[in-house]
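Chain by chain, the residues:
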Amino acid sequence: MNKFNLVIFDCDGVLIDSERIAITILLEMLKEIGLFLTLEDVFDIFVGISMTRCLEIVKNLLGKSPPENFATEFQQRTMQAFVTDLHPVQGIHDVLSKLNLPCCVASNSSPKWIQKALFVTDLLPYFSDKIFSASEVSRSKPYPDVFLYAADKMGFSPKDCVVIEDTPTGVTAGVDAGMTVFGYAELINPEKLRAVGASVVFNDMKLLPKVLDQQNQPFINSGK
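Residues numbered from 1 in each chain as written. Predicted model: local features only at pLDDT ≥ 70, side-chain atom pairs only at ≥ 80, totals over all residues. Heavy atoms only, no water.

Student: Could you give me a rundown of empty space enclosed by the protein, with the residues and numbers involved?
Tutor: Tallied over the full model, the rule gives one cavity of 30 Å³ or more. Put simply, the largest cavity is a space of about 60 Å³. (1 Å grid on protein atoms, 1.4 Å probe; cavity = no way out; pocket = protein on both sides within 12 Å on 5 of 7 lines; lining within 4 Å. Points joined across faces, edges and corners; volume = space filled by probe spheres on them.)

See the structure below:
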């Protein structure tokens, strides 16, 4: 029997190389409203959290609420940048084409954001009817709600699921959902993912088949 029967992918930073784009735009917008942070600060503070939580943090740091259109403006600028600058995470197309297990997406991002990002990067066919957003549940990551919701909708129990995440926020959510979590550490210190419960940490998406195969037989097509 397989140890894993469902692979749940986060979206931003795991399927699509969006983190750098979004963080750069957020950094610019924060400067425009008088909040001066470094790129590293913005990455550490904001990556992996919902927009609602992001606005709460900005308000606390700034000492007042950001402009009412801040979230909308951020989404518009990011969507525009996606058209020309967004790329899939290197190696993910090959991974998904060989994956012989059910898979889905569970993200803090909005359904519109996820759909657009996956469409631009030609990943949508893998997940066309298997996209789950935190906007569909009561609480976003780091709470486990969206992972539990995705597993339920896909017809699997938490113990049958492996989550692929790239932030401490996401890893925490997966662990609290009772799922195994693999940490993808291309842009983050691997120890930050291990510290919150990632059982395996890897920094090259092309290694995911091998990582899964070590614990799940069989999981990929032979290609023959």
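Student: Go over the layout of surface pockets, please, and point to the residues and values.
Tutor: It is the rolling of a water-molecule-sized probe over the atoms that shows where space remains empty. Here the largest pocket is characterised by a volume of approximately 620 Å³. Taken together, 33 residues line the largest pocket, and the ones lying closest to its centre are Ile49, Ser50, Met51, Asn108 and Ser109. Where the lining of the largest pocket is concerned, the elements lending two or more residues are α1 (19-32), α3 (51-62) and α4 (70-85). For the lining of the largest pocket, the residue count by class is twelve nonpolar, 15 polar and six charged. By volume, the second largest pocket amounts to about 180 Å³. As for the second largest pocket, its lining consists of Glu19, Arg20, Ile23, Thr24, Leu39, Glu40, Phe43, Asp44, Leu187, Ile188, Asn189 and Lys192. Contributing elements (two or more residues each) for the lining of the second largest pocket: α1 and α2 (39-46). (Helix = DSSP H or I, 4+ residues; strand = E, 2+ residues; numbered from the N terminus. Nonpolar A, V, L, I, M, F, W, Y, C, P; charged D, E, K, R; others polar.)

Student: Hey, could you go over the nonpolar core for me, with residue numbers and the actual values?
Tutor: Among the nonpolar cores identified, the biggest contains 81 residues, and Phe9, Leu15, Phe46 and Leu118 are the most heavily contacted of them. With eight residues, the single largest contributor to this core is α1. Residue contacts for Phe9: discarding those within four places in its chain leaves Val14, Leu15, Ile92, Leu96, Leu99, Cys103, Cys104, Val105, Ala106, Phe127, Ile164 and Leu208. (Core = buried A, V, L, I, M, F, W, Y, C linked by side-chain atoms within 4.5 Å. Buried < 20%, exposed > 50% of the residue type's maximum accessible area, 1.4 Å probe, protein only. Contact = heavy atoms within 4.5 Å.)

Student: Tell me about helix α9 (residues 168-176), and name the residues and values.
Tutor: Those residues of α9 not exposed but buried are Thr169, Gly170, Val171, Ala173 and Gly174. On its buried face, α9 is in contact with α8 (145-154), β4 (161-165), β5 (180-184) and α10 (190-195). Remark: Gly178 follows α9 within two positions and exhibits a positive phi of approximately 80 degrees.

Student: Residues and numbers for the side chain of Asp166, please.
Tutor: Among the secondary structure elements, Asp166 is positioned in the loop between β4 and α9. No salt bridge is formed by the buried Asp166. Its closest oppositely charged neighbour is Lys141, at 7.1 Å. Not counting residues up to four positions away in its chain, the partners in contact with Asp166 are Asp10, Asp12, Gly13, Val14, Glu19, Tyr184, Ile188 and Leu193. (Lys, Arg positive; Asp, Glu negative; His and termini not counted. Salt bridge = Lys/Arg side-chain N within 4 Å of Asp/Glu carboxyl O.)

Student: How would you summarise the confidence of the model for the protein chain if you had to cite specific residues and measurements?
Tutor: When the pLDDT values of the protein chain are averaged, the result is 91; 96% of them are 70 or greater. Every residue in residues 218-224 scores below 50 in pLDDT, and together they form 15 contacts with partners more than four places removed in sequence or on other chains. (pLDDT = per-residue confidence, 0-100.)

Student: Residues and numbers for unusual backbone geometry, please.
Tutor: Cis geometry marks the peptide bond from Lys141 to Pro142, where omega comes out at 25 degrees. Along the polypeptide, Pro142 turns up in the loop between β3 (131-133) and α8. A positive phi angle is found at Asp122, which is not glycine, with a value near 60 degrees. Within the element layout of this structure, Asp122 appears in the loop between α6 (111-120) and α7 (124-127). According to the relative accessible area criterion, Asp122 is exposed, its value standing at 54%.

Student: Help me get a handle on the pairing of β5, residues and values and all.
Tutor: Summarising burial for β5: five of the five residues are buried, a large majority. Burial along β5 is two-sided: Thr180, Phe182 and Tyr184 facing one way and Val181 and Gly183 facing the other are all buried. Here four bridges tie β4 to β5, and the two strands are oriented parallel to one another. Bridging across to β5, Val162 finds its partner in Thr180. Considered for its hand, the β-α-β crossover made up of β4, α9 and β5 is right-handed. One ladder, built from three bridges, connects β5 with strand β6 (residues 200-202); its direction is parallel. Considered in β6, the bridge of Gly183 is made with Val201. (Pairing = 2+ DSSP bridges. Right-handed = clockwise from strand over helix to strand, strands pointing away.)

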